[in-house]
Amino acid sequence: MATIKFLMIIFYLYKFTIVSPSTNSLSPSSSPKFSALFVFGDSTVDTGNNMHIPTFLKPNYLPYGQNYTTHLPTGRFSNGKLVPDMLASYLGIKESLPPFLDPTLSLGDLITGVNFASSGSGLDDLTSLYSLSIPVSKQIQHFKRYINKLKLAIGEETVNAIVNSSLVYISAGANDWLLNYYDIPTRRLTYDVNDYQDFLLGRIQYFIKELYEVGCHSIIVNGLPPIGSLPFQITWSIDKLFGVDQNKDTQVYNQNLIKMLHELESTLPGIQLVYADYYTPIIDMIKYPKNYGFIETTKGCCVERDSEFLSMCSRKLAPCENPDQYLFWDGVHPTLATYTHIFNYIISDVIPQFSKNHTYDVNGGGI
């Protein structure tokens, strides 16, 4: 055991004090260097945790994963990789980001970061009761247990250095509106739109403070996508009959999120909070599909034709012939092509916002 621990510490020191080149040719040498990637949130970033819990939200059948490297379902709600996978590769950390609940993970997998996200989850714990998923609050508890487990394996000092120099990615909130406010109006009985926005923003703020307290300094927070433009919402939602503009609500929420992150950053010394705009890129793809190679932006590739009633892929019918021409894979989730466009936005507009000299010493202090 002592020998394994020693070798893992040597591996960590070599990889992240002598900067390793990225496996992605797009990676500029001047991009920030992070020791690990940790992800929290919902199905937009879940790389397979729901495959290991008792929930009905499991993309455990084809055509999910048909364009993944293994051509098999992996627990990702798309036809291929998700943004966390691409980001881990771009940053030179690993080729894809494994789910924390995967029982086959090695110590090496754990050291360079894992994914805690759960499909169907939300910032509001009530949201996860409908989907039987892992709420963001519990995901962070899993992260704290991960830290304690790793300290026993490689030592507190090394683990603190990994956490301090890691990148955190949070993508959550859409399910709270879909499952708790718009389509299942539970919270609508006690909150108006503005009050529920404030409630959710308060939850994000609390979670960020929890992550900061355990040593996380660099955090990306996704804004909401245009919820009213999801194929499932276009077909299913009755809000438009009553003059409710879900996209307008989303824009107001995102503006308030940006303001909150800016104010919070000023109160937490050493933290960097960077907002990732999901709304604008997707709206641009909807307005100008030909610029992105799309021919369809209102229907999912793998759902039954002319019926977006179900948000998940059909088990019986074959998907569209060319997913790269579709913005959405199923009734809610983007295709690999769409995620690739979003990823390109993140590496061009989001990652550069972190300090160019983003490196840490092995004791976890910023340099």
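Since we're looking at a predicted model, the values are computed, not measured.

Chemist: Break down helix α2 (residues 83-90) for me, citing the residues and quoting the values.
Modeler: Of all 8 residues in α2, 8 are buried, a share of seventy percent or more. Among all positions in α2, only Val 83, Pro 84, Asp 85, Met 86, Leu 87, Ala 88, Ser 89 and Tyr 90 are buried. Those residues of α2 that are buried lie in contact with β1 (37-41), β2 (167-171) and α12 (336-350). At the exit of α2 stands Gly 92, carrying a positive phi of roughly 75°.

Chemist: Go over the layout of surface pockets with me, naming the residues and quoting the values.
Modeler: The calculated volume of the largest pocket comes to roughly 880 Å³. Around the largest pocket, the lining is made up of 42 residues, and of these Leu 57, Leu 179, Phe 232, Ser 311 and Val 332 lie nearest the centre. Elements represented by at least two residues in the lining of the largest pocket include exactly α4 (125-131), α7 (174-182) and α9 (231-236). Counting residues per element, the lining of the largest pocket draws most heavily on α7, which supplies 4 residues. Its residues assigned to classes, the lining of the largest pocket comprises 25 nonpolar, 13 polar and 4 charged.

Chemist: I'd like a rundown of the pattern of salt bridges, residues and numbers included.
Modeler: Using the criterion set out here, one finds 4 salt bridges in the structure. Where Arg 76 meets Asp 85, a salt bridge forms, and the shortest distance between an N and an O atom there is 2.8 Å. Between Asp 124 and Arg 187 there is a salt bridge; the shortest N-O distance is 2.7 Å. Placement of Asp 124 in the loop between α3 (107-111) and α4 and of Arg 187 in the loop between α7 and α8 (193-213) is noted, with a sequence separation of 63 residues between them. According to the relative accessible area criterion, Arg 187 is buried, its value standing at 19%.

About the thresholds
All chains use their own residue numbering, which begins from 1 and follows the written sequence. Only residues with pLDDT of at least 70 get local features here, since the model is predicted, and only at 80 or more are side-chain atom pairs given and counted; chain-wide, interface and lining totals rely on the full set of residues. Side-chain measures were taken over the full set of non-hydrogen atoms in the model, leaving aside hydrogen atoms and water. Accessibility here uses a 1.4 Å probe with only protein chains present; expressed as a share of the type maximum, an area under 20% marks a residue as buried, one over 50% as exposed, and anything in between as partly exposed. In this description a helix means any DSSP run of H or I spanning at least four residues, a strand means any run of E spanning at least two, and both kinds are numbered starting from the N terminus. Residues are treated as being in contact if the distance between any of their heavy atoms lies within 4.5 Å. Detection works on a 1 Å grid of protein atoms alone, calling trapped sets that fit a 1.4 Å probe cavities and calling open sets with protein on both sides within 12 Å along at least five of seven lines pockets, with lining residues defined by an atom within 4 Å of a point. Grid points are joined across faces, edges and corners, and a volume is the space filled by probe spheres set on the points. Only Asp, Glu, Lys and Arg are considered charged, only Ala, Val, Leu, Ile, Met, Phe, Trp, Tyr, Cys and Pro nonpolar, and every remaining residue, Gly among them, polar. Salt bridge criterion: a side-chain nitrogen from Lys or Arg within 4 Å of a carboxyl oxygen from Asp or Glu.

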